[in-house]
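As a plain string of letters, each chain reads:
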Amino acid sequence: MSEHVRNVVIVGSGPAGLTAAIYTSRASLEPLVLEGEPSSTSDQPGGQLMLTTDVENFPGFPDGIMGPELMMNFRSQAQRFGAEVQTVKVSKVDLSERPFKIWVGDPDAAEPTHLAHTMIVSTGAQSIMLGLPRETELIGHGLSTCATCDGFFFRDQEIAVVGGGDSALEEANFLSRFASKVYVVHRRDELRASQIMQDRAMSNPKIEFVWNARVVEYLGDSKLSGVKVESTVDGSISELPVTGLFIAIGHTPNTGLFTGQLDMKDNGYLLTEPGRTATNIPGVFASGDVQDDYYRQAITAAGSGCQAALEAERWLEDQD
Amino acid sequence: MASENVTILSDENFSDTISEKGEPVLVDFWAEWCGPCKMIAPILDEIADEQAGSVRIAKLNVDDAPDTARQYEVMSIPTMILFKDGEPVKKIVGAKPKAAILGELAEYL
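Sequence order as written defines the numbering, with residues in each chain counted from 1. Each chain is given a letter, starting from A, and each ligand a number, starting from 1, according to the order in which they appear as written. In view of the model being predicted, local features appear only for residues whose pLDDT reaches at least 70, and side-chain atom pairs are presented and counted only at 80 or more, with totals across whole chains, interfaces and linings using the full set of residues.

Description of the overall build of chain A
Helix and strand labels come from DSSP, where a helix needs a run of H or I of at least four residues and a strand needs a run of E of at least two; each type is numbered from the N terminus. For chain A, the helix and strand inventory stands at 7 helices and 19 strands. For 320 residues, the compact-globule estimate of 2.2 N^0.38 gives 20 Å, and the C-alpha radius of gyration of chain A, at 21 Å, lies within 12% of that figure. Counting only C-alpha atoms and orienting by the principal axes, one finds that chain A spans roughly 65 × 45 × 35 Å. Backbone-placed C-beta atoms define the burial measure: a residue is buried with 20 or more other C-beta atoms within 10 Å of its own, exposed with 12 or fewer, and partly exposed in between. Taken over 320 residues, chain A has a buried fraction of 47%. The contacts of chain A with a sequence gap of at least 6 include a subset with a gap of at least 24, amounting to 61%. This radius of gyration counts C-alpha atoms alone. The globule rule is 2.2 Å times how many residues there are, raised to the power 0.38. Two residues form a contact once the distance between their C-beta atoms, set from the backbone, is within 7 Å.

Pasting the structure below:
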């Protein structure tokens, strides 16, 4: 039951959501953070950094820091100033009138779980899968979306990474610590990844590129024994005998809760005022990867979380 | 801080622990470097306390016991395997909310 109307409810707990929590809690707005529920994809408390190892480009950590540790630090910093963090997943929101209504658990319940004067949406993005048959059942049996969690189990085995961006090459480099060989399967003949990541991957003797190819079938019964690969040039089919496949073909924003309520860009990311975090609904702000299809960095997410917090704070002041 | 009701496993006490008569043992295969493992640790602590007597919770660090992990075909962590009289009867792969974990265990408790 909704006991009172919260000043700020923050949905999501990556760098954006928790930075918004730090700022709004220091402003004595007593924010409630609905951080999500545990899962093994990037859709989970702490966000995508929970699935990484060394974060080398977050300012303030000259020797780097582990992704999960960084996120635990964000969280304790927010809690230190009184932010309340609940490990639950939002099932429905109603932004059609104020206060905004938020449901946790049964979305058909008559009464919302929480009421809020302002909402900061920081639900992030999650990995896109290939959408091939038996995908779900093979996750954890050779198919993975978390190289840092699972790389360890592929010691001295041949594995493959699908994708051509920075995340794909970062995973390939990381996985080469364990695997005897890492194929990078990419549908084009050039990479989207940054030069530094390309140089690292190209000079890594364990990494071999499979150009102009896409994975079309998973082989193996109870666990992965290989993949069928189709050439994007002539349609010819070949098999890669890999025991592990890591998918890094990009991300999709977690906006399902807001369909039909918040304006989105054509690619599904939330639309905000240029240079701001304000959405089409006054009092609802969007920060982090859910509204960023361009930078997608922890530091830019944190920056926009700060913006959302300040905008929410000023918006609340203006209402009085 | 882990619950007192959680048994810490090693290669030495693994077989003895899972073979003990009585309540089934849920073994959490985890590692220090795994983010999702950290997210479910407090959930398993709660289950250990609340379900004491009907299930025993144990943790095995795969860095310390890679052979045991391989023996049970753990290829992703967190993986939780429920053992009854030494035999694996249920495997749960990936971090999940508490209700989902309890739901998967229900028929064995």
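Once you've had a look at it, read on.
A look at helix α2 (residues 35–50) of chain B
Take the number of residues in a helix, subtract one, and multiply by 1.5 Å to get its expected span. End to end, α2 of chain B covers 24 Å across 16 residues, agreeing with the expected 22 Å (1.5 Å per residue, within 8%). At any given residue, the bend is defined as the angle formed between two axes, one fitted to the seven residues that end at that position and one fitted to the seven that begin there. The sharpest bend along α2 of chain B measures roughly 30° and falls at Ala41 of chain B, with the proline Pro42 of chain B sitting one to four residues further on. Among the residues of α2 of chain B, Gly35, Pro36, Cys37, Lys38, Met39, Ile40, Ile43, Leu44, Ile47 and Ala48 of chain B are the ones counted as buried. Buried residues along α2 of chain B sit in contact with α2 (67–80) and α4 (147–150) of chain A together with β1 (6–9), β2 (25–30), β3 (56–61) and α4 (98–105) of chain B.

Remarks on the sheet that holds strand β15 (residues 226–231) of chain A
Residues and elements named next belong to chain A. Strand order across the open sheet formed by 3 strands is β14-β15-β16, with antiparallel pairing between neighbours. The strands lining the two open edges of the sheet, one partner per strand, are β14 (213–219) and β16 (237–240). Adjacent strand axes in the sheet meet at a mean angle of 30°, parallel and antiparallel pairs treated alike. Any two strands are treated as partners once DSSP identifies two or more bridges connecting them. Sheet topology note: the β15/β16 ladder contains 4 bridges and is antiparallel. The partner of Val227 across the bridge, within β16, is Leu240. Geometry is summarised by axes, namely lines fitted to C-alpha atoms with helices restricted to the contacting stretch, and by angles between N-to-C directions that run from 0 to 180 degrees.

With respect to the interface of chain A and chain B
As a measure of interface size, the accessible area lost when the parts come together is often cited. On the chain B side, the residues contacting the 22 residues of chain A number 19 residues. Secondary structure elements with two or more residues in the side of chain A that touches chain B: α2 and α4 of chain A. By residue number, the principal contributor to the side of chain A that touches chain B is α4 of chain A, which donates 3 residues. Classifying every residue of the side of chain A that touches chain B by side-chain character gives 9 nonpolar, 11 polar and 2 charged. Charged means Asp, Glu, Lys or Arg here, nonpolar means Ala, Val, Leu, Ile, Met, Phe, Trp, Tyr, Cys or Pro, and polar covers whatever is left, Gly included.

Examining the domain arrangement of chain A
Residue and element names in this part refer to chain A. These domain limits were set by an automatic method or by a database of domain assignments. Splitting chain A by domain gives domain 1 (5–127 + 251–319) and domain 2 (135–247). Taking only C-alpha atoms into account, the centre of domain 1 sits 32 Å from that of domain 2. On the domain 2 side, the residues contacting the 6 residues of domain 1 number 6 residues. Among the residues forming the side of domain 1 that touches domain 2, the class breakdown is 1 nonpolar, 5 polar and no charged.

With respect to the sheet that holds strand β4 (residues 79–84) of chain B
Residue and element names in this part refer to chain B. Across the sheet, 5 strands lie side by side as β1-β3-β2-β4-β5; this open sheet has mixed pairing. Both outer strands of the open sheet, β1 and β5 (87–93), are each paired with one neighbouring strand and no more. The mean angle between the axes of side-by-side strands here comes to 25°, regardless of whether they run parallel or antiparallel. One ladder, built from 5 bridges, connects β2 with β4; its direction is antiparallel. By the bridge assignment for β4, Val27 is matched with Ile81. Docked against the sheet, α4 engages β2, β4 and β5, running at close to 155° with respect to β5.

Considerations on the nonpolar core
We call a set of buried Ala, Val, Leu, Ile, Met, Phe, Trp, Tyr and Cys residues a nonpolar core when their C-beta atoms link them within 7 Å. Counting residues in each nonpolar core, the largest one holds 114 residues, and the members touching the most others are Val121, Val161 and Leu245 of chain A together with Val27 of chain B. Here this core gets 7 residues from one element, more than from any other, and that element is α2 of chain B. If sequence neighbours within four positions are ignored, Val27 of chain B has contacts with Leu9, Ile18, Ala58, Leu60, Met80, Ile81 and Phe83 of chain B.

Comments concerning α2 of chain A
For α2 of chain A, spanning 14 residues, the distance from its first C-alpha to its last is 20 Å, which sits close to the expected 20 Å at 1.5 Å a residue. For α2 of chain A, the complete set of buried residues consists of Gly67, Pro68, Leu70, Met71, Phe74, Arg75 and Ala78 of chain A. End-on view of α2 of chain A: buried residues confined to an arc of 165°, all on one side of the axis. Exposed side chains of α2 of chain A directed beyond 90 degrees from the buried face belong to Ser76 and Arg80 of chain A. The inward-facing, buried residues of α2 of chain A contact α1 (15–26), β2 (32–34), β3 (54–55), β4 (65–66) and β5 (84–86) of chain A together with α2 of chain B. Think of it as the arc spanned by the lines of direction from the helix axis to the C-beta atoms.

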